[in-house]
Amino acid sequence: KIPTLTNLHDIQHEHFKSFFSRSELLRRDVQYYNTAKYTTKIIASGPFMKKDFLKNFPFLKKKIALIYEGVDLNKFRKKINNTKIDNFFLNKKIYKRKFFFLPAQLWKHKNHITVIKGFEKFSNNKKFNDLKLVFCGHKFNETQYIFDYLKKRKIKNIIFLNVINYKKLIWCMQNSISVICPALYESSSLVNLEAIASKSTLISSDIPTNLEKAKIFKVNTFKKLDPNNLSMVFEKVAKSKKLRMSQIKFNTSKLKKFSWEKTSMKYFDEIIEILNAKK
């Protein structure tokens, strides 16, 4: 009987069933259906997610609202000036503006293998073979195919950092050539906003939620399962500092409307509406 406001985040299990075990699918089916059915109001983080929820839960039509995710501007804008952190990356031969950064966890839908293949092709060009691809995340059994591929191909300019703390994560965003958001499915990809707040450029897959962001910001998109296309995008971004600076300037000017302060006020308004309706 307590009024609830819920953000389901996404329903990836409806699109990529093969990424989940049978028990996970069953659990998600029950939990997500019951949550959608009994919550007072559902929040979708973008137009695509709203359509996706309504397709699977048509009964939400009268109780769904759209609120874009926000970003902690101060956290990602504040420059990381820390000698210890600088030395950590120097020891790994990761130099400022000499690497692309992939911050996604190692789940299959994050599409690491396409990025690695695309970067491998890109780095075969002698003009760019001093650049690196840096990625991070928690290693688990299902991720071994990524590292088997790297070992088999003997790719040396791709660096895996394992799990890193948030200051090192922000350092990577702030000092990379570009942050990569390559997922096959996302709710709205908060990383897009975090990268923009860090004053980096963006390379994103052409999934609906990333394309929604591309209507607002300058984003370098690639065909989500096409390493060759991604290789060309790497080249376009790497060879033009003018392009990167122009995109950063434009994106920074558009970011204010996505602050968590503004987002939280929209949630607050929804809560007040719910409480008023209960009187």
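### Considerations on the sheet that holds strand β3 (residues 64–66)
One open sheet accounts for three strands, arranged β1-β2-β3; its pairing is parallel. Of all the strands in the sheet, the pair left with one neighbour each is β1 (5–6) and β3. Where strand β2 (residues 41–44) lies against β3, three bridges are found, and the strand directions are parallel. Its bridge partner lying in β3, isoleucine 42 is registered against isoleucine 64. Sitting on the sheet, helix α12 (residues 260–278) touches β1, β2 and β3, and the angle it makes with β2 is about 165°.

### Here's the deal with the side chain of serine 187
Along the polypeptide, serine 187 turns up in the loop between β7 (178–181) and α8 (190–197). On the basis of relative accessibility, which here comes to 1%, the residue serine 187 falls in the buried class. A polar contact of 3.4 Å, which involves the side chain of serine 187, links it to the side chain of histidine 9. Excluding residues that lie within four positions of it along the chain, serine 187 makes contacts with His9, Asp10, Ser45, Met49, Glu69 and Thr209.

### Details of the sheet that holds strand β6 (residues 158–160)
Ordered by their spatial adjacency, six strands build an open sheet running β6-β5-β4-β7-β8-β9, and the pairing between neighbours is parallel. The sheet is open, and its two edges are formed by β6 and β9 (220–222), each paired on a single side. Here the average twist between neighbouring strands, direction ignored, is 25°. Pairing of strand β8 (residues 201–205) with β9 involves three bridges; the strand directions are parallel. Across the sheet, the residue bridging to serine 205 is phenylalanine 222, located in β9. Packed onto the sheet, helix α7 (residues 166–175) meets β4 (99–102) and β7 and runs at close to 135° relative to β4.

### Some points on the packing of aromatic side chains
With the rule as written, the count across this model stands at 20 aromatic pairs. Residues phenylalanine 48 and tyrosine 185 carry aromatic rings whose centres are separated by 6.1 Å and whose planes lie at 70° to one another, so their mutual orientation is edge-to-face. Here the residue phenylalanine 48 occupies a position in helix α2 (residues 47–56), and tyrosine 185 occupies one in the loop between β7 and α8, the gap between them amounting to 137 residues. Judged by relative accessible area, tyrosine 185 falls into the buried class, the value being 4%. The ring of tyrosine 166 is capped by lysine 75, whose NZ or CZ atom sits 4.8 Å from the centre of that ring.

### Structural notes on the packing of helix α5 (residues 112–123) against helix α6 (residues 144–153)
The relative placement of two packed helices comes down to the angle between their axes together with the axis-to-axis distance. Where α5 meets α6, the axes come as close as 10 Å, and the angle between the chain directions of the two elements is 15°. By the angle between their axes, α5 is roughly parallel relative to α6. The two elements α5 and α6 meet at a crossing, and its hand is right-handed. Residues His112, Ile113, Ile116, Lys117 and Glu120 of α5 form the contact with α6, whose participating residues are Tyr145, Ile146, Tyr149, Leu150 and Arg153.

### Points about the layout of surface pockets
In this structure, the largest pocket spans a volume of roughly 840 Å³. Lining the largest pocket are 35 residues; nearest its centre among them are Gln12, Gln105, Trp107, His109 and Lys110. The set of elements that each furnish at least two residues to the lining of the largest pocket consists of α1 (22–38), α7, β7 and α8. If one sorts the elements of the lining of the largest pocket by residue count, α1 sits on top with four residues. When its residues are assigned to classes, the lining of the largest pocket shows 18 nonpolar, seven polar and 10 charged. Estimates place the volume of the second largest pocket at around 160 Å³. Forming the walls of the second largest pocket are Lys75, Lys78, Lys79, Ile80, Asn81, Asn82, Tyr166, Lys167 and Ile170. With three residues, α7 is the largest single contributor of residues to the lining of the second largest pocket. Here the residues of the lining of the second largest pocket are counted per class, giving three nonpolar, two polar and four charged.

Conventions we followed
Residues numbered from 1 in each chain as written. Predicted model: local features only at pLDDT ≥ 70, side-chain atom pairs only at ≥ 80, totals over all residues. Heavy atoms only, no water. Pairing = 2+ DSSP bridges. Helix = DSSP H or I, 4+ residues; strand = E, 2+ residues; numbered from the N terminus. Contact = heavy atoms within 4.5 Å. Axes fitted to C-alpha atoms, helices over the stretch in contact; angles between N-to-C directions. Buried < 20%, exposed > 50% of the residue type's maximum accessible area, 1.4 Å probe, protein only. Polar contact = N/O pair within 3.5 Å; in protein donor to acceptor, adjacent residues only side chain to side chain. Phe/Tyr/Trp six-rings, centres within 6.5 Å; stacked < 30°, edge-to-face > 60°. Lys NZ or Arg CZ within 6 Å of the ring centre and 35° of its normal. Parallel < 35°, antiparallel > 145°, perpendicular 65-115°, else oblique. Left-handed = near helix turned anticlockwise from the far one by under 90°. 1 Å grid on protein atoms, 1.4 Å probe; cavity = no way out; pocket = protein on both sides within 12 Å on 5 of 7 lines; lining within 4 Å. Points joined across faces, edges and corners; volume = space filled by probe spheres on them. Nonpolar A, V, L, I, M, F, W, Y, C, P; charged D, E, K, R; others polar.

Geometric descriptors of this kind do not, in isolation, establish any biological role.
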